[in-house]
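Now for the letters of each chain:
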Amino acid sequence: MRASAEPGVIVHGGAGRWSLVFEITREANLHINQDKIVAGVAEASRRGYRVLEDSGSPVDAVVAAIRYMEDSGLFNAGVGSSLDASGQLGMDAGLMNGSTGEAVGVARVRHPRNPIVLARSLLGKTDHVIIACEPADRLAEKLGLERHPGPSPRALALYKWALREIEEGRMESVWRRNQELARLLGLLGDTVGAVAIDHEGRIAAGVSTGGVSFKLPGRIGDSPVPGAGFYAWSNAGGVAATGRGELALLTQVSARAADLMAELGDPQLSLEKILSLVEDRYGPGLGLIGFNKNGEYGVAYNTEAMPWAYTGGLGDKWGFWRQ
Ligand code: ASP
């Protein structure tokens, strides 16, 4: 293992059309604004970094950062999770330890308040990589994890909005609903993700989401799939993705970005190169954050916005709108 990386935690609060999220939630008197979102990602990265300083575990730092955002109800994850087309929850999350190469994804769960905690509880305990639906929920129950409180006001507001768009004929196709939603109206995706690296260069990455708004029941996105929604390899790099999950799945964007970091060294350049490759093939709609093996970070997105924050040895930083 290399020594002397710059320790840090970087988080994102989801790539998408945040102006629309603010508009819809304002109409519903929910007061979710940019300041709150920026404060949310900044606090998440600080909490993750504190864990890194205290316990030194990048995996636990990632979990702490994501758990905070799941609990906040401000993002499309955990308490704030968006609903599928039938108005149900179906949350996805994933976590990878770049030092052991182990990863666990949980897909379409409804029981846990914190799907990332379920993934953490299973990491290292099974060599299965993805566990889905009711059996995953039963595990959460058996493990005594806190129950999800049910759809939040934010999730209900976004759901009602999407329903109206469809009823008023602005989205037509049933089977391609989410791609249409993304193309015509902009994404409402605001999944959360985090990557952490300690001073020895150990890297972990994770994500958690309610999935894209109004997804078809049964759809599983990129977030529980290592290589697509997240990836970490301690001598290469670590990446967390957000946006149109289908694009991340079709291109295995996180693994490729992490491997490219190992090859090129420059994390920003690596993320931008992979992002433009995906955009050339499928169009825009993704965001990526990540560290190279030295703890230098990169942030790239081709959506309207993606709140992100970094806490660590290189000086705290955050961003929101696309420049
Ligand atoms: N990638 C997530 C999904 O497709 C959504 C998001 O990042 O907002 O489920």
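In this text, all values refer to a predicted model and were calculated from it rather than measured experimentally.

About the criteria used
Residues numbered from 1 in each chain as written. Predicted model: local features only at pLDDT ≥ 70, side-chain atom pairs only at ≥ 80, totals over all residues. Heavy atoms only, no water. Helix = DSSP H or I, 4+ residues; strand = E, 2+ residues; numbered from the N terminus. Rg over C-alpha atoms; globule rule 2.2 N^0.38 Å. Buried < 20%, exposed > 50% of the residue type's maximum accessible area, 1.4 Å probe, protein only. Areas by Shrake-Rupley, 256 points an atom, 1.4 Å probe, with all protein chains shown as cover. Lys, Arg positive; Asp, Glu negative; His and termini not counted. Charge placed at Lys NZ, Arg CZ, Asp CG, Glu CD. Contact = heavy atoms within 4.5 Å. Polar contact = N/O pair within 3.5 Å; in protein donor to acceptor, adjacent residues only side chain to side chain. Axes fitted to C-alpha atoms, helices over the stretch in contact; angles between N-to-C directions. Parallel < 35°, antiparallel > 145°, perpendicular 65-115°, else oblique. Left-handed = near helix turned anticlockwise from the far one by under 90°. Nonpolar A, V, L, I, M, F, W, Y, C, P; charged D, E, K, R; others polar. Pairing = 2+ DSSP bridges. Near = heavy atom within 4 Å. Expected span 1.5 Å × (residues − 1).

Q: Quick question: what am I supposed to make of the overall build of the chain here?
A: Counting its regular elements, the chain contains 10 helices and 12 strands. Computed over its C-alpha atoms, the radius of gyration of the chain comes to 18 Å, within 12% of the 20 Å expected for a compact globule of 323 residues. In terms of overall dimensions, the chain has a C-alpha envelope of 60 × 45 × 35 Å along the principal axes. Expressed as a percentage of its 323 residues, the buried residues of the chain come to 62%. Of the accessible surface of the chain, which amounts to about 12400 Å², a share of 49% is contributed by carbon and sulfur atoms. Averaging the locations of the 33 positively and 37 negatively charged side chains of the chain gives two centres separated by 3 Å.

Q: Is there a simple way to think about the environment of T191 in this case?
A: Tracing the backbone through its elements, the reader meets T191 in the loop between α7 (177-185) and β5 (192-197). Here T191 falls in the buried class, since its relative accessible area comes to 9%. Sequence separation between T191 and L143 is 48 residues, and the spatial gap between their C-alpha atoms is 24 Å. Aside from chain neighbours lying at most four places away, what touches T191 is H12, G13, G14, N76, S208, T209, S223 and T242. Here T209 takes part through its side chain, which lies 2.6 Å from a polar atom of the side chain of T191.

Q: How do you make sense of the packing of helix α2 (residues 34-55) against helix α3 (residues 58-72) when you look at a structure like this?
A: Helix packing for two helices is described by the angle between their axes and how far apart those axes are. Taken N-terminus to C-terminus, the directions of α2 and α3 make an angle of 150°; their axes are 8 Å apart at the nearest point. Considering the angle they form, α2 stands roughly antiparallel to α3. Both α2 and α3 take part in a crossing whose hand is right-handed. Taking contact as the criterion, the partners of G40, V41, E43, A44, R47, G48, V51, L52 and S55 in α2 are, on α3, P58, D60, A61, A64, A65, Y68 and M69. A class-by-class count of the residues in the contact of α2 with α3 yields 10 nonpolar, 3 polar and 3 charged.

Q: I keep staring at the sheet that holds strand β1 (residues 8-12) and nothing clicks. Help me out?
A: Hydrogen bonding along the main chain pairs the strands of a sheet, whether they run parallel or antiparallel. Across the sheet, which stays open at both edges, the 8 strands sit in the order β4-β3-β2-β6-β5-β1-β11-β12 with mixed pairing between neighbours. If you trace the sheet from one side to the other, it starts and ends with β4 (130-132) and β12 (317-321), each paired once. For this sheet the average axis-to-axis angle between neighbouring strands, irrespective of direction, equals 10°. By the bridge criterion, 6 bridges tie β5 to strand β6 (residues 203-209) in an arrangement that is antiparallel. Bridged to V195 within β6 is A205. Against the sheet, helix α1 (residues 18-27) contacts β11 (305-312) and β12, and its axis sits at roughly 75° relative to β12. Sheet contacts for α2: β1, β5, β11 and β12; angle to β11, the most-contacted strand, approximately 30°.

Q: For this particular structure, what's the right way to read the site of the ligand?
A: Around the ligand, 11 residues are found, and the nearest of them are T191, R219, D222, T242 and G243. T191 places a polar side-chain atom, nitrogen or oxygen, 2.7 Å from an oxygen atom of the ligand. Take D222: an N or O atom from its side chain is 2.7 Å from a nitrogen atom of the ligand. The fraction of the free accessible surface of the ligand (270 Å²) that becomes covered by protein chains is 100%. Each residue belonging to the shell around the ligand can be placed in one class, and the counts come to 1 nonpolar, 7 polar and 3 charged.

Q: In this structure, what is going on with α3? I would like to understand it.
A: Every α-helical turn comprises 3.6 residues, leaving residues that sit three or four positions apart pointing alike. The terminal C-alpha atoms of α3 lie 21 Å apart, and with 15 residues this matches the ideal 21 Å at 1.5 Å per residue to within 8%. Listing the buried residues of α3 in full gives P58, V59, A61, V62, V63, A65, I66, M69 and E70. Of the surrounding secondary structure, the elements contacted by the buried residues of α3 are β1, α2, β2 (91-97), α4 (115-122), β5 and β6. Where α3 ends, the next residue or the one after it, G73, has phi of about 75°, a positive value.

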